[in-house]
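Single-letter residue listing:
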Amino acid sequence: MTKTVRVGELKLGGGNPVLVQSMTNTDTRDVEATLEQIRALSAAGCDLVRVSVYDQACAEAVRDLVDGSPVPLVADIHFDHRLAIRAAENGIAKLRINPGNIGGEAHVRELADCAKRHHIPIRIGVNSGSAEKELLAKYGGPTAQCLTESALNHARMLEKVGFEDIVLSMKSSDVRLTVAAYRLAHELCDYPLHVGVTEAGLPGQGTVKSAIGIGALLLDGIGDTIRVSLSGDPLPEAQAGWDILRALDLRRRGVQLIACPTCGRTGIPVAEIGARVEKELSDIRIPLKVAVMGCVVNGLGEGREADVGIAGGGNGSGVLFVRGEEPVRVQGDLGDILIRKARIDGKNALWVPGTDHASIATEAKVVNRLAEQGIKKRDLTREEFLKHAW
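Every chain's residues receive numbers from 1 upward, in the order its sequence appears when written. Restriction of local features to residues with pLDDT of at least 70 applies here, the model being predicted, together with a cutoff of 80 or more for giving and counting side-chain atom pairs; totals for whole chains, interfaces and linings are based on all residues. In computing side-chain properties, one takes all heavy atoms of the structure into account and sets aside hydrogens as well as water.

The way it works is that DSSP assigns letters per residue, a run of H or I at least four long becomes a helix, a run of E at least two long becomes a strand, and they are numbered from the N terminus. Secondary structure assignment for the protein chain yields 14 helices and 17 strands. The principal-axis extent of the C-alpha atoms belonging to the protein chain is close to 75 × 50 × 40 Å. Each residue is placed in one exposure class: buried if its accessible area under a 1.4 Å probe, protein chains only, is under 20% of its type's maximum, exposed if it is over 50%, and partly exposed if it falls in between. Across the 390 residues that make up the protein chain, the buried fraction comes to 50%. Only the protein chains shown count as cover for residues, and the accessible areas themselves come from Shrake-Rupley with a 1.4 Å probe. For the protein chain, the accessible surface area stands at approximately 17,900 Å², while carbon and sulfur atoms represent 51% of it. When charges are tallied, Lys and Arg are placed among the positive residues and Asp and Glu among the negative ones, while His and the ends of the chain are skipped. The location of each charge is read from NZ of Lys, CZ of Arg, CG of Asp or CD of Glu. The protein chain carries 47 positive and 50 negative side-chain charges, and their two centres are separated by 3 Å.

Right under this line is the structure:
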């Protein structure tokens, strides 16, 4: 298991939930525009957001950005350790640097002392394009060994001056290289790992590359925070990050759609209803699985893991099913029926505070279930009661 570092109020690493992050692409000196994007990324699901700090005006803007941000902010800094120090003094929650390009041990020590004083972790971010020339020559190019050795060499610079709140990343635009580098780093150290495929491209192919690389690592238990790197508007990065985590059942938030690929037996417009579910229930934040199945042949069985769903029944009818209840045949606008039911059950869901866990079992249903077992609600703590919702 990796070490735990704190990023503001968040815990990164150590088996804590994998955090989703992205990066603004506004002019950091434009506080209003940057805050607008930070807030949009937070609303889209980002747990933390990174901003570029490339001159003194950016470093001074950090204070207003931190004061107006709903999530912890990370400062991305190269070459000038003074910018990192000023960002730390202005309340930044985390720094991203390469100790090797900020001017020698004296500057590394000065920055490390400042970060330690302000309780700020430092991420060492190595990319295939930033590896040192001697390591590229040693390994014949940006191999997994090259990237990992570079990251660990930078980490040792911080360790040498007594700083160990370190996060590592070893990214490449090559999926196989990225996965190999992180697997090697996972074997060699216990620092938390920031995982991603860098310069993945546009939404679409870039999303697929990111999902394969990040997903492969997360399935191995590697990765403490993720960033999907896509060109253009950063908002799709947050959505893709959450989609990856939900697909692996590592985080639960919002609606996860289960929909069949359709065949000749399909009795309802699955794609149309599915699109409506994703759009019209996008404001729901509690974890909710919603199924849209084309027919009843396998629909009820394949959708049994959903909290609420509908299966085509032929002749414009459908079968509405809710976890723990008998299926009900329904007529009419099946999309409206499903969305209305999902919204009602989502509103009444029991959500365990401070977690991603929820159940659509309403309080009354849980009380009735307990009564059948001879258990009274008043004899349980709230935490014990919520456990029975599952």
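Next comes the rest of the write-up.
Residue position: Cys-263 is located in the loop between β11 (255-259) and α10 (270-280). Along the backbone, Cys-263 and Arg-6 are 257 residues apart, and their C-alpha atoms lie at a distance of 49 Å.

Once that is clear, we can look at the pairing of strand β15 (residues 328-331). Pairing of strand β14 (residues 317-322) with β15, which is carried by 4 bridges, proceeds in the antiparallel orientation. Counterpart to Gly-318 in the pairing with β15 is Val-330. Any two strands are treated as partners once DSSP identifies two or more bridges connecting them. The antiparallel hairpin formed by β14 and β15 contains 5 residues in its connecting segment, where Gly-324 sits at a positive phi of about 85 degrees.

With that settled, the discussion passes to the nonpolar core. Buried Ala, Val, Leu, Ile, Met, Phe, Trp, Tyr and Cys residues form a nonpolar core when they are joined through side-chain atoms within 4.5 Å. The biggest cluster of nonpolar side chains holds 73 residues, and the ones touching the most others in it are Val-53, Ile-77, Leu-95, Leu-168 and Met-170. Of all the elements, helix α6 (residues 144-160) adds the most residues to this core, at 7 residues. We call two residues in contact whenever any of their non-hydrogen atoms come within 4.5 Å of each other. What Val-53 contacts, discounting residues up to four positions off in sequence, is Cys-58, Ala-59, Val-62, Ala-75, Asp-76, Ile-77 and Leu-83.

Turning to the packing of aromatic side chains, a few remarks are in order. Planes of paired rings set the category: under 30 degrees apart is stacked, over 60 is edge-to-face and the rest tilted, where pairs are Phe, Tyr or Trp rings (Trp by its six-membered ring) whose centres lie within 6.5 Å. Tallied over the full model, the rule gives 0 aromatic pairs. Geometrically, a lysine NZ or arginine CZ counts as sitting over a ring once it is within 6 Å of the ring centre and also within 35 degrees of the ring normal. Of note, Arg-253 hangs over the ring of Trp-242, and the distance from its end group to the ring centre comes to 5.5 Å.

Another point: the packing of helix α7 (residues 175-188) against helix α8 (residues 205-219). Across the interface, α7 lies against α8 with an axial gap of 9 Å and an inter-helix angle of 20 degrees. In terms of their interaxial angle, α7 and α8 are classed as roughly parallel. The handedness of the crossing between α7 and α8 comes out as right-handed. Of α8, the residues touching α7 (which contributes Val-175, Val-179, Tyr-182 and Arg-183) are Lys-209, Ile-212, Gly-213, Ala-216 and Leu-217. When residues are grouped by polarity, Ala, Val, Leu, Ile, Met, Phe, Trp, Tyr, Cys and Pro land in nonpolar, Asp, Glu, Lys and Arg in charged, and all others, Gly among them, in polar. Residue composition of the contact of α7 with α8, by class: 6 nonpolar, 1 polar and 2 charged. In this description, a line fitted to the C-alpha atoms serves as the axis of each element, helices being fitted only across the stretch in contact, and the angle between N-to-C directions of two axes falls anywhere from 0 to 180 degrees. Geometric relationships in this document are graded by angle, where less than 35 degrees denotes roughly parallel, more than 145 denotes roughly antiparallel, 65 to 115 denotes roughly perpendicular, and other angles denote oblique. Note: crossing handedness is left-handed where the near helix turns anticlockwise from the far helix by less than a right angle, and right-handed where it turns clockwise.

With that out of the way, let us pick up the environment of Val-161. Tracing the backbone through its elements, the reader meets Val-161 in the loop between α6 and β8 (166-171). Val-161 gets classed as buried once you look at its relative accessible area, which sits at 7%. Val-161 sits 126 residues away from Pro-287 along the chain, and the two C-alpha atoms are 44 Å apart. Here Val-161 is in contact with Glu-105, Val-108, Arg-109, Ala-112 and Lys-116, once residues within four sequence places are set aside.

Helix length check: helix α1 (residues 31-43) (13 residues) gives 18 Å between terminal C-alpha atoms against 18 Å at 1.5 Å per residue, within 8%. The set of residues buried in α1 consists of Thr-34, Leu-35, Gln-37, Ile-38, Leu-41 and Ser-42. In a view along the axis of α1, the buried residues occupy a sector of 160 degrees, so they form one face of it. α1 presents Glu-32 and Glu-36 as exposed residues on the side facing more than 90 degrees away from its buried surface. Positive phi appears at Gly-45, one or two residues downstream of α1, with a value of about 120 degrees. In this scheme, a helix's expected span is set at 1.5 Å multiplied by one less than its residue total. Picture the helix axis, draw a direction to every C-beta atom, and the arc is the one those directions span.

So, on to the sheet that holds strand β13 (residues 308-314). Spatially, 5 strands are ordered β11-β12-β13-β14-β15 in an open sheet, and the strand pairing comes out mixed. Two strands lie at the open edges of the sheet, namely β11 and β15, each paired on one side alone. Strand after strand, the sheet turns through a mean of 25 degrees between neighbouring axes, direction not considered. For β13 and β14, the ladder comprises 6 bridges, and the chain directions are antiparallel. In the sheet register, Gly-312 faces β14, and the bridge partner there is Gly-318.

Turning our attention to the sheet that holds strand β4 (residues 48-52). Ordered by their spatial adjacency, 8 strands build an open sheet running β8-β7-β6-β5-β4-β3-β10-β9, and the pairing between neighbours is parallel. Each of the sheet's edge strands pairs with one partner strand only, and the pair in question is β8 and β9 (194-195). Inspection of the sheet shows strand β5 (residues 73-76) paired to strand β6 (residues 94-97) by 3 bridges, in the parallel sense. When the sheet's bridge partners are listed, Asp-76 is paired in β6 with Arg-96. Contacting β8 and β9, α7 runs over the sheet at an angle of about 150 degrees to β8.

Here we take up the pattern of salt bridges. Throughout this description, the term salt bridge denotes a Lys or Arg side-chain nitrogen within 4 Å of a carboxyl oxygen of Asp or Glu. On inspection of all chains with the given rule, the structure shows 22 salt bridges. The residue Asp-27 makes a salt bridge to Arg-29 at a minimum N-O spacing of 3.0 Å. The partly exposed category is assigned to Asp-27, whose relative accessible area is 33%. Arg-29 sits in the partly exposed class, given a relative accessible area of 42%. Put simply, Glu-89 and Arg-86 hold a salt bridge, and the shortest N to O gap is 3.1 Å. Taken together, the residues span about one helical turn, with Glu-89 and Arg-86 both in helix α3 (residues 81-89) at a distance of 3 residues. Residues joined by salt bridges that share partners form a network here, namely Arg-276, Glu-280, Asp-333 and Asp-336.

Any functional reading would require information that these geometric values do not contain.
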